[in-house]
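Here are the chains, one letter per residue:
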Amino acid sequence: MSAVSGYLIATLLNLTSVTPVAYQQPAFLHNHPSAVVSLYQTLSQFSGSKAAASELLQQVDNLLTSGVELQLADMVVISLAMQSAINYHPEQVEQLYLSIKSRYKHSRTLRNYFFSCTLSGRQKLRTTIKALRYSLSKPSEFEEKLSFIGHASDDEELMSLANSRYGEISYESVYQAFLYRALTSQPLEYPNTVALLLRNLALAHNQIGSKHIERRLIVLIRELETESVIPHLTNGPSVYSYLTP
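Per chain, residue numbering runs from 1 following the sequence as it is written. pLDDT decides what is reported in this predicted model: residues at 70 or higher carry local features, side-chain atom pairs at 80 or more are listed and counted, and totals for whole chains, interfaces and linings draw on all residues regardless. Only hydrogens and water are removed before side-chain values are computed, so all heavy atoms of the structure are retained for them.

*Asks:* Just checking my understanding: could you explain the pattern of salt bridges for this structure?
*Replies:* A side chain of one charge can pair with a side chain of the opposite charge when the charged atoms of the two come close. Here, a salt bridge means any Lys or Arg side-chain nitrogen found within 4 Å of an Asp or Glu carboxyl oxygen. Inspection of every chain in the model, using the stated rule, returns 9 salt bridges. We note a salt bridge from Arg-165 to Glu-223, for which the minimum N-O separation is 2.4 Å. Note that Arg-165 is positioned in helix H9 (residues 156–166) and Glu-223 in helix H12 (residues 211–226), a separation of 58 residues in sequence. Taken together, the shared-partner salt bridges in this structure form one network comprising Lys-130, Arg-133 and Glu-143. Strands are runs of DSSP state E lasting at least 2 residues, helices are runs of H or I lasting at least 4, and numbering of each runs from the N terminus.

In structure tokens form, the structure reads like this:
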């Protein structure tokens, strides 16, 4: 097994799994290519065998060679298919990973969408923040401030917003307020994408042990859904239920 395969196994096994008991097209795939929907359906019925893993990877390969321009939601499904198949066909998953990585080497947005889905921990956190910045068409300062939000104490407007909305000024409330302000200052061009990236951001904080920030992000997601800033993508109490219905 190559070093890349070993790394991918460790990384992909650290992602949230798809384990639905019956197929139901998730809201985040509405109006997405039929090949992606079909892949999700196959994934939702995955039997955990080498043959089933081969079928998943074949569908991924067909999707990649179809000429369809992939978006974040499609990459969510592809990364979960890779996760499900990697213990059965690590070399093939490695080849797919390297192929997709190379395919988007000249597109910062799509490259970071892919990494946001496939990487884990601090790497997932960094690439998701980058992807969020590109999706919102924000300058580099956005990325820097969100990465080091504890140094934003000179932003009096942000401190006031954190205190008025969340009743306190703390690292967590300022983080939440910073994102709330950024996401509500003007209509979102890609609300579905933002909704998925916020989930990836929450997962990244979970993986690095920042459960308190993860909880704040879950509250923020529900807050933005209630205010119709981003769409409801899930049913039930968990914001991750589109992955684990």
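*Asks:* Sorry if this is basic, but what is going on with H12 here?
*Replies:* Working note: α-helix, 3.6 residues per turn, so residues spaced by three or four point in the same direction. A helix is expected to reach a length of 1.5 Å times the quantity of its residues less one. In a regular helix each residue adds 1.5 Å, so 16 residues correspond to 22 Å; H12 covers 23 Å between its end C-alpha atoms and thus fits that length. The classification of residues rests on relative accessible area computed with a 1.4 Å probe and restricted to protein chains. Under 20% of the type maximum is buried, over 50% is exposed, and intermediate values are partly exposed. Of the residues making up H12, those classed as buried are Ile-213, Glu-214, Arg-216, Leu-217, Leu-220, Ile-221, Glu-223, Leu-224 and Glu-225. Pairs of residues are marked as contacts when any of their non-hydrogen atoms sit within 4.5 Å. Where H12 is buried, its residues contact H9, helix H10 (171–184) and helix H11 (191–207). Just beyond H12, the residue with positive phi is Ser-228, at close to 60°.

It is worth stressing that arrangement in space is one thing and function is another; only the former is reported here.
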